[in-house]
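Close look at the chain arrangement
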Amino acid sequence: MVDLIPEYWYNVIPDLPEPLPPPMDPPGGADSSIGLLNRILPRAVLEHQFTVERWTKIPDEVREAYANFGRPTSVIRARRLEERIGTKARIYYKYEGALPTGSHKLNAAIPQAYFAAEDGAEGVSTETGAGQWGAAVALAARFYGLQSSIFMVRSSYEQKRERRALMEIFGAEVHPSPSELTGFGRSMLAAEPGSPGSLGAAMSEAIEYALARGWRYLVGSVLDVVLMYQSVIGLEALAQMEELGEEPSLIVGCVGGGSNFAGMAYPFMGAGRKARFLAVGPREVPKFSAGRYEYDFPDSAGILPMVKMLTLGRSFRPPPIYSGGG
Ligand SMILES: *Cc1c(COP(=O)(O)O)cnc(C)c1O
């Protein structure tokens, strides 16, 4: 199926009405956190993060891996849902859940693991909340012969044992975060023994861990580059809708970090399609309605550069029902 996989990723940046505010070093910080990205991201990922090109060639090895794991994914008509809600609309969904780890996250994990292997790294680290991103990284790392260490938010680590088992089956080491393995984790545990952890804290630990080993850190959702890797969803869907003779009038997606929505919607925007685009967020994390658009830190320790985003503030804690961050 390799010939059905797009040959290029789409980047929305050059099509924006105005340039995006760039990542920024925190004012008064001693070390450059943007410089830090140089040391933790695979070289090609860093390049892709700052590219202003509309199209980036997908390496053949990555296209083959996409095909190997089940791309292109199907577009399926939701007839029973249409009947149930009594609509005349024709509703289609693109079934990313068919990928082996159960979500679209593999689309971004595969290229990052490939580029880490290309750099000669021995291993990769990352954070995970519910375990979806961690499972994708574990599988992609294994596929390219890399070790992987996944820092899993402790409350999820305890609630979602099956996800943890899945990552371990793929050969990953899974650590509950905060852990004793990093300075940041130890300081958190000292301040709050039995801390349930958070995604931002797990991110800080994963970065510290990669830095100490000369490994690479794989980005789940904070940096724009993930949206480009996810564009395979929308690029495939464009071709599939054309084949079906349909022109979507409304494109809907759920938003956690924004990657599946962007992956689906941006290629349609880039192709000049006149659809309505609807991003849906959970009430428990009301970024769209109550968030402020300002520079904030993606991780709790403030290691990564600040990014301008809709933020509820660094101290916001979602209720336990929300397993944010994949
Ligand atoms: C991670 C995840 C999300 C939310 O993340 P986005 O970056 O917004 O796509 C939504 N659905 C599933 C199944 C996920 O794994």
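Read on for an overview of the structure. Values in this document were obtained by computation on a predicted structure and should not be read as measured data.

Together, Leu20, Phe288, Tyr293 and Leu310 make up an exposed nonpolar region whose accessible area comes to about 380 Å². Looking at where Tyr293 falls in the secondary structure, it is placed in strand S11 (residues 292-296). Accessibility expressed as a relative area gives 48% for Tyr293, which makes it partly exposed.

What follows deals with the sheet that holds strand S6 (residues 147-153). Spatial strand order, S7-S6-S5-S8: four strands in an open sheet with parallel pairing. Edge positions in the open sheet fall to strand S7 (173-177) and strand S8 (216-217), since each of these has one partner strand only. The sheet strands contacting helix H6 (residues 132-143) are strand S5 (123-128) and S6, and the helix crosses S5 at an angle near 165 degrees.

Let us look at helix H9 (residues 183-191). If you check which residues of H9 are buried, you get Phe184, Gly185, Met188 and Leu189. Each buried residue of H9 lies within a common arc of 130 degrees when the element is viewed along its axis, so the set occupies one face. Across from the buried face of H9, at angles greater than 90 degrees, the exposed residues are Ala190 and Ala191. Summarising the contacts, the buried residues of H9 are in contact with helix H10 (199-213).

The end-to-end C-alpha distance of helix H13 (residues 259-270), which contains twelve residues, comes to 16 Å, matching closely the 16 Å that a straight helix rising 1.5 Å per residue would cover. Those residues of H13 that fall on the buried side of the exposure criterion are Ser259, Phe261, Ala262, Gly263, Met264, Ala265, Pro267 and Phe268. Its buried side turned inward, H13 meets strand S1 (8-10), strand S4 (92-94), helix H11 (225-229), helix H12 (231-244), strand S9 (250-254) and strand S10 (276-280). Phi turns positive, to about 75 degrees, at Gly272, one or two residues after H13.

So, about the site of the ligand. With respect to spatial proximity, twelve residues lie near the ligand, and among them Lys105, Gly256, Gly258, Ser259 and Asn260 are the closest. Within the side chain of His104, an N or O atom sits 2.9 Å from an oxygen atom of the ligand. Take Lys105: an N or O atom from its side chain is 2.5 Å from an oxygen atom of the ligand. In terms of residue class, the shell around the ligand is made up of two nonpolar, nine polar and one charged.

Attention now goes to the side chain of Glu205. Positionally, Glu205 belongs in helix H10. Arg154 provides the closest opposite charge to the buried, unpaired Glu205, separated from it by 7.3 Å. Beyond its immediate chain neighbours, meaning those up to four positions away, Glu205 contacts Phe151, Ser177, Pro178, Ser179, Thr182, Phe184 and Gly185.

As a further point, take the pattern of salt bridges. This structure, assessed with the given rule, holds twelve salt bridges. In this structure, Asp15 and Arg54 form a salt bridge, with 2.5 Å as the shortest nitrogen-oxygen distance. In this pair, Asp15 sits in the loop between S1 and helix H1 (33-40) while Arg54 sits in the loop between helix H2 (43-49) and strand S2 (55-57), placing the two residues 39 residues apart along the sequence. Given the relative accessible area of 32%, Asp15 is considered partly exposed. For Arg54, a relative accessible area of 35% translates into the label partly exposed. With a closest N to O distance of 2.9 Å, Glu82 and Arg77 form a salt bridge. What makes Glu82 buried here is its relative accessible area of 7%.

Conventions adopted
- Residues numbered from 1 in each chain as written.
- Predicted model: local features only at pLDDT ≥ 70, side-chain atom pairs only at ≥ 80, totals over all residues.
- Heavy atoms only, no water.
- Patch = residues over 30% accessible without salt bridge, like charges linked within 9 Å, V, L, I, M, F, W, Y side chains within 5 Å.
- Areas by Shrake-Rupley, 256 points an atom, 1.4 Å probe, with all protein chains shown as cover.
- Salt bridge = Lys/Arg side-chain N within 4 Å of Asp/Glu carboxyl O.
- Helix = DSSP H or I, 4+ residues; strand = E, 2+ residues; numbered from the N terminus.
- Buried < 20%, exposed > 50% of the residue type's maximum accessible area, 1.4 Å probe, protein only.
- Pairing = 2+ DSSP bridges.
- Contact = heavy atoms within 4.5 Å.
- Axes fitted to C-alpha atoms, helices over the stretch in contact; angles between N-to-C directions.
- Arc of directions from axis to C-beta.
- Expected span 1.5 Å × (residues − 1).
- Near = heavy atom within 4 Å.
- Polar contact = N/O pair within 3.5 Å; in protein donor to acceptor, adjacent residues only side chain to side chain.
- Nonpolar A, V, L, I, M, F, W, Y, C, P; charged D, E, K, R; others polar.
- Lys, Arg positive; Asp, Glu negative; His and termini not counted.

In short, the description is geometric, and any link to function would need to be established separately.
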